[in-house]
Amino acid sequence: MGFTCALVGLPNVGKSTIFNALTGANVDATNYAFTSAQPNTGVVNVRDPRLDAISQLVEAKKTVYTSLEFVDLAGLAKGASRGEGLGNQFLGRIREVDAIAHIVRCFEDPNIPHISEIIEPKSDIEAIETELIIADLETLEKRKTKLQKTVKSGDKDAKLQLDLIAHITEILENNRPARAVESHNSIEKKLIKEYNLLTSIPVLFVCNIQDPSETNNNHVQAVKEYAAAEQIPVVMLAGKLESEIMDIDELEERKTFMKEMGLNEPGLNCMIQTGYDLLNLVTFFTVGGAENRAWTIHQNSRAPQAAGTIHSDFERGFIRAAVYSFDDLVKYKNENAVKEAGKLRLEGKEYIVQDGDIIHFRFNV
């Protein structure tokens, strides 16, 4: 699995339409609040052209792409942090994801009412952010109450946590997300992760536009300005159009339609790449025999950790890894030629896996 991404936003911003465009799930996307009364989930393959090229050069019984999961949540209304508008149920679901795609309405359409009767992206973004901040403040307050009982016994760890919670609380009360907290040591980073705060989850903004040519309308510009100040990536998606593209079964017909609409690639591709960059993810490959397969890991992962994504036994019994690059496979056409050219090397436990590595793990358990 590459990563799990929640689609969040106000009601009627086009979340379910974009969910359909990304997954081809054809869920209900009618124009009224809380269409997604239950979370919709969809798993899609990450179509990596490098894996397609590998399968042309290395024989295997099948090709297996890495995948990612999208979760379409009900529109979050004001008061969601207090349980209004199905709030509690879906705020809890957000805690389980790796990233948040905040869908922002950047189009005008009198047939689709806006919850506040005016299209104002900055206000829409802040409305969602406020609900997440309030929920985080409540989470910290509950943890603080428990720690205050423990600290009386002289527990140093409890005192450290109370100080950290006070620092995070101050930032949240100034309408800043937990992402803005600068943790200076591994202990603080670990604690912040354990708190499972909603505003600590990495975010990208998705501007839902009507036409691919509208990438610089006033609404999009407002999102870009906000995003630049917060250092948040922005993706442009013509949700309705992309959903119509997904309804075309014939691949060549789909490509022709995309070309006519001015699209070079599906919006899913841009979402995936932006998500990988946001989460600092890379891909390595295992090849030959039963399958040619792509695997997703975090940047700076060492060889044993990469092996562990395949099976825990691989990490526990790791001996070494035979490694060469995708580029060398393309250049020399097959593994034997790669070896003869001296491009295959043996790496140990300290090796940092690189994006595009092709690896054979050696282990013993």
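See above for the structure.
A short tour of the structure in this document, coming up.

Calculation notes
Residues numbered from 1 in each chain as written. Predicted model: local features only at pLDDT ≥ 70, side-chain atom pairs only at ≥ 80, totals over all residues. Heavy atoms only, no water. Core = buried A, V, L, I, M, F, W, Y, C linked by side-chain atoms within 4.5 Å. Buried < 20%, exposed > 50% of the residue type's maximum accessible area, 1.4 Å probe, protein only. Contact = heavy atoms within 4.5 Å. Phe/Tyr/Trp six-rings, centres within 6.5 Å; stacked < 30°, edge-to-face > 60°. Lys NZ or Arg CZ within 6 Å of the ring centre and 35° of its normal. Patch = residues over 30% accessible without salt bridge, like charges linked within 9 Å, V, L, I, M, F, W, Y side chains within 5 Å. Areas by Shrake-Rupley, 256 points an atom, 1.4 Å probe, with all protein chains shown as cover. Salt bridge = Lys/Arg side-chain N within 4 Å of Asp/Glu carboxyl O. Lys, Arg positive; Asp, Glu negative; His and termini not counted. Charge placed at Lys NZ, Arg CZ, Asp CG, Glu CD. Helix = DSSP H or I, 4+ residues; strand = E, 2+ residues; numbered from the N terminus. 1 Å grid on protein atoms, 1.4 Å probe; cavity = no way out; pocket = protein on both sides within 12 Å on 5 of 7 lines; lining within 4 Å. Points joined across faces, edges and corners; volume = space filled by probe spheres on them. Nonpolar A, V, L, I, M, F, W, Y, C, P; charged D, E, K, R; others polar. Pairing = 2+ DSSP bridges. Axes fitted to C-alpha atoms, helices over the stretch in contact; angles between N-to-C directions. Arc of directions from axis to C-beta. Parallel < 35°, antiparallel > 145°, perpendicular 65-115°, else oblique. Left-handed = near helix turned anticlockwise from the far one by under 90°. Polar contact = N/O pair within 3.5 Å; in protein donor to acceptor, adjacent residues only side chain to side chain.

### Details of the nonpolar core
Next, step 1: One finds L7, L22, F70, I94, F205, V206 and M271 to be the most contacted residues of the largest nonpolar core, which totals 56 residues.
Next, step 2: Those residues in contact with I94 that lie beyond four places of it in its chain are V8, L73, L76, I100, L132, L198 and I201.
Next, step 3: The next biggest cluster of nonpolar side chains, apart from the first, holds 16 residues, and it includes A158, I171, I192 and Y195.

### Description of the packing of aromatic side chains
Next, step 1: Enumeration according to the criterion identifies 6 aromatic pairs in this entry.
Next, step 2: Through successive ring pairs, a cluster of aromatic residues spans F284, W295, F318 and F361.
Next, step 3: Positioned above the aromatic ring of W295, the side-chain terminus of R293 is 4.2 Å from the ring centre.

### Describing a negative patch on the surface
Next, step 1: Together, D247, D249, E250 and E253 line one region of the surface with negative charge.
Next, step 2: Here D247 lies in the loop between α8 (239–246) and α9 (251–260).

### Observations regarding the pattern of salt bridges
Next, step 1: Counted under the stated rule, the structure contains 15 salt bridges.
Next, step 2: The shortest N-O distance in the salt bridge between R176 and E230 comes to 2.8 Å. Residue R176 is found in the loop between α5 (156–173) and α6 (186–195), and its partner E230 is found in helix α7 (residues 218–230); the two are separated by 54 residues along the sequence.
Next, step 3: Residue R176 is classed as partly exposed on the basis of its relative accessible area of 32%.

### Structural notes on empty space enclosed by the protein
Next, step 1: Per the stated rule, a full pass over the model turns up 1 cavity of 30 Å³ or more.
Next, step 2: By volume, the largest cavity amounts to about 50 Å³.
Next, step 3: Taken together, V8, I100, H102, I128, E129, L132, R179, V203 and F205 make up the full set of residues lining the largest cavity.
Next, step 4: Breaking the lining of the largest cavity down by element, the ones donating at least two residues are β5 (99–105), α4 (121–151) and β6 (203–208).
Next, step 5: Ranked by residues supplied to the lining of the largest cavity, first place goes to α4 with 3 residues.

### Here we look at the layout of surface pockets
Next, step 1: In this model, the largest pocket occupies a volume close to 1300 Å³.
Next, step 2: In terms of lining residues, the largest pocket is bounded by 43 residues, among which D98, S200, I201, P202 and L279 are the most central.
Next, step 3: Looking at the lining of the second largest pocket, the elements with two or more residues in it are α1 (15–23), β2 (40–45), α2 (49–57), α8, α9, α10 (267–279) and β8 (281–286).
Next, step 4: The leading source of residues in the lining of the second largest pocket is α10, at 7 residues.
Next, step 5: Tallied by class, residues from the lining of the second largest pocket come to 16 nonpolar, 6 polar and 11 charged.

### What about the sheet that holds β5?
The strands making up a sheet associate through hydrogen bonds between their backbones, and the pairing can be parallel or antiparallel.
Next, step 1: Read across the open sheet, the 6 strands follow the order β2-β4-β1-β5-β6-β7; overall the sheet is mixed. The open sheet is flanked by β2 and β7 (234–237), the only strands paired with a single partner. Sheet twist, expressed as the mean angle between neighbouring strand axes with direction ignored, is 25°.
Next, step 2: Relative to β7, β6 is paired through 4 bridges, and the arrangement is parallel. Bridge pairing in β7 places C207 opposite M236.

### Quick notes on helix α11 (residues 303–310)
Next, step 1: All of the buried residues in α11 are A303, P304, A306 and A307. Seen from one end, α11 has its buried residues packed into an arc of 160°, which puts them on one side.
Next, step 2: Those residues of α11 that are buried are in contact with β8, β9 (289–298), α12 (312–316), β10 (318–325) and β12 (357–363).

### Examining the side chain of T283
Next, step 1: Within the secondary structure layout, T283 lies in strand β8.
Next, step 2: Residue T283 is classed as buried on the basis of its relative accessible area, which comes to 6%.
Next, step 3: Those residues in contact with T283 that sit more than four places away from it in its chain are D48, R50, Y276, A294, W295, T296, Q354, D355, G356 and D357.

### What to know about the packing of α5 against α6
Next, step 1: α6 packs onto α5 with a crossing angle of 70° between their chain directions and a minimal axis gap of 11 Å. For the element pair α5 / α6, the angle class is roughly perpendicular. Note that α5 runs across α6; the crossing there is right-handed. For the pair α5 and α6, contact is made by L160, Q161, L164, I165 and I168 and by I187, E188, L191, I192 and Y195, respectively.
Next, step 2: Split by residue class, the contact of α5 with α6 holds 8 nonpolar, 1 polar and 1 charged.

### Side note on the side chain of E347
Next, step 1: Looking at the secondary structure, you find E347 in strand β11 (residues 345–347).
Next, step 2: You can call E347 buried: its relative accessible area is 19%.
Next, step 3: Within the structure, the side chain of E347 is placed 2.8 Å from the side chain of R345, a separation counted as a polar contact.
Next, step 4: Each residue touching E347, except ones within four places of it in the same chain, is listed here: F318, R320, A321 and V323.

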